[in-house]
Amino acid sequence: MKIGNFQSQVCVCAASTNLICAKSRAEMEKKMKVYNVTDERFKKYGKIVKDIDFSGLVKALEESTPLPEGVAYVPGLDVLEALPVMRELEDKTFGEAAVQIGYCNGHNSMMNALEYHKSSEVNVMATDAILMLGREQDITEDFTYDTSLAEAFFVPKGTAVEIYATTLHYAPCGVDGEGFKVAIVLPKGTNLALDESHAGGEDGHLTAKNKWLLGHPKGGLPEKSPMGLVGENLKV
């Protein structure tokens, strides 16, 4: 009896181990394939910015911004906006329009939501980072987006990318569990609080100035955030 009982326990343990292994494999399979930012697939989402020196901005991000356990976004930061690169970005990239330079720093591996602006956005990497991207053209008439259509791209430290206005994006992701620091350059006033209430259709997805959001039900967003992402809450 004792031997039989022991054998039963072994079988249960083995079955549990197999179940855990199967679950781990399934979780691994849900992770997105990550392409390099130099891949041809990236061209429909944006381009690498090559004619501006971002070394001073990268250094300022490294030395003057935090790296929280969660994700922190600041639309504009004086120490970043005082750099000469701000004027160069206004003149060369944004057509002499005023911009703001802030940051998005922290730890993240999930999609959680996607957003878009009616303008390009420049991201400057002070660490390696991964961007999950999609296309506004794939949003349906009822404002849903199938997350299986999104793609992920590795962007190395020191690289700057222009993300087109029609590109869906959200918080960057770290590489192999590491944190990320990314400068975010947008037209001045973007992502600030709204002055009016908005509801219905695309207008109902406006959650801040020049920011339209589609959340995932499992994305951990604030209450009453507009949803819209269908499918898995993807991870890298």
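Look up a bit, the structure's there.
These numbers come from a predicted model, not from an experiment.

So, how was this worked out
- Residues numbered from 1 in each chain as written.
- Predicted model: local features only at pLDDT ≥ 70, side-chain atom pairs only at ≥ 80, totals over all residues.
- Heavy atoms only, no water.
- Phe/Tyr/Trp six-rings, centres within 6.5 Å; stacked < 30°, edge-to-face > 60°.
- Helix = DSSP H or I, 4+ residues; strand = E, 2+ residues; numbered from the N terminus.
- Buried < 20%, exposed > 50% of the residue type's maximum accessible area, 1.4 Å probe, protein only.
- Lys NZ or Arg CZ within 6 Å of the ring centre and 35° of its normal.
- Salt bridge = Lys/Arg side-chain N within 4 Å of Asp/Glu carboxyl O.
- Polar contact = N/O pair within 3.5 Å; in protein donor to acceptor, adjacent residues only side chain to side chain.
- Contact = heavy atoms within 4.5 Å.
- Core = buried A, V, L, I, M, F, W, Y, C linked by side-chain atoms within 4.5 Å.
- Disulfide = S-S within 2.5 Å.

A. Seen up close, the packing of aromatic side chains. Scanning the model with the defined rule gives 4 aromatic pairs in all. Judged by centre distance (5.4 Å) and plane angle (70 degrees), the rings of phenylalanine 42 and phenylalanine 153 are edge-to-face. Of this pair, phenylalanine 42 sits in the loop between strand 1 (34-36) and strand 2 (46-48) while phenylalanine 153 sits in strand 9 (residues 151-155), and the two are 111 residues apart along the sequence. Exposure class is identical for phenylalanine 42 and phenylalanine 153. Each is buried. The structure contains a cluster of three or more aromatic residues connected by ring pairs, namely Tyr35, Phe42, Tyr45 and Phe153. Sitting above the plane of the tryptophan 212 ring, lysine 118 keeps its charged end 4.6 Å from the centroid.

B. The pattern of salt bridges, seen in detail. By the definition in use, this model includes 12 salt bridges. For arginine 41, the salt bridge is made with aspartate 39, and the minimal N-O distance between the two is 3.1 Å. Notably, a salt bridge pairs lysine 43 with glutamate 40, separated by 3.1 Å at the nearest N-O pair. When its relative accessible area of 54% is taken as the criterion, lysine 43 is described as exposed. One salt-bridge network, in which partners are shared between bridges, spans Asp39, Arg41, Lys44 and Glu151.

C. Structural context of the side chain of glutamate 115. Inspection of the secondary structure puts glutamate 115 in strand 5 (residues 113-116). Look at glutamate 115 and you get buried, because its relative accessible area is 8%. Among the polar contacts made by the side chain of glutamate 115, one reaches the side chain of lysine 211 at a distance of 3.4 Å. In contact with glutamate 115, not counting residues within four places along its chain, are Thr167, Leu168, His169, Tyr170, Lys211, Trp212 and Leu213.

D. Highlighting the nonpolar core. Residues Phe54, Leu57, Ile101 and Val124 are the most contacted members of the largest nonpolar core, which totals 21 residues. Those elements that place two or more of their residues in this core are helix 2 (55-64), helix 4 (84-92), strand 4 (99-106), strand 6 (121-125) and strand 12 (180-187). When residues of this core are assigned to their parent elements, the largest contribution, 4 residues, is made by helix 2. Beyond its immediate sequence surroundings of up to four residues, valine 124 is in contact with Phe54, Leu57, Val58, Leu61, Thr159, Ala160, Lys181, Val182 and Ala183. Met111, Tyr145, Ala152 and Leu234 belong to the second-largest nonpolar core, a separate cluster that totals 19 residues.

E. Focus on the state of the cysteines. All chains considered together, the criterion is met by 0 disulfides. Take cysteine 173: it sits in no disulfide, and the sulfur closest to it among the cysteines is that of cysteine 104, at 9.8 Å.

F. Region of the structure containing the environment of lysine 181. Among the structural elements, lysine 181 can be located in strand 12. Assessed through its relative accessible area of 10%, lysine 181 is described here as buried. When the C-alpha positions of lysine 181 and alanine 72 are compared, they lie 9.8 Å apart, and in sequence the two are 109 residues distant. What lysine 181 contacts, discounting residues up to four positions off in sequence, is Leu61, Glu62, Thr65, Pro66, Leu67, Cys104, Asn105, Val124, Met125, Ala126 and Thr127. Polar contacts involving the side chain of lysine 181 include one to the main-chain carbonyl oxygen of threonine 65, which spans 2.6 Å.

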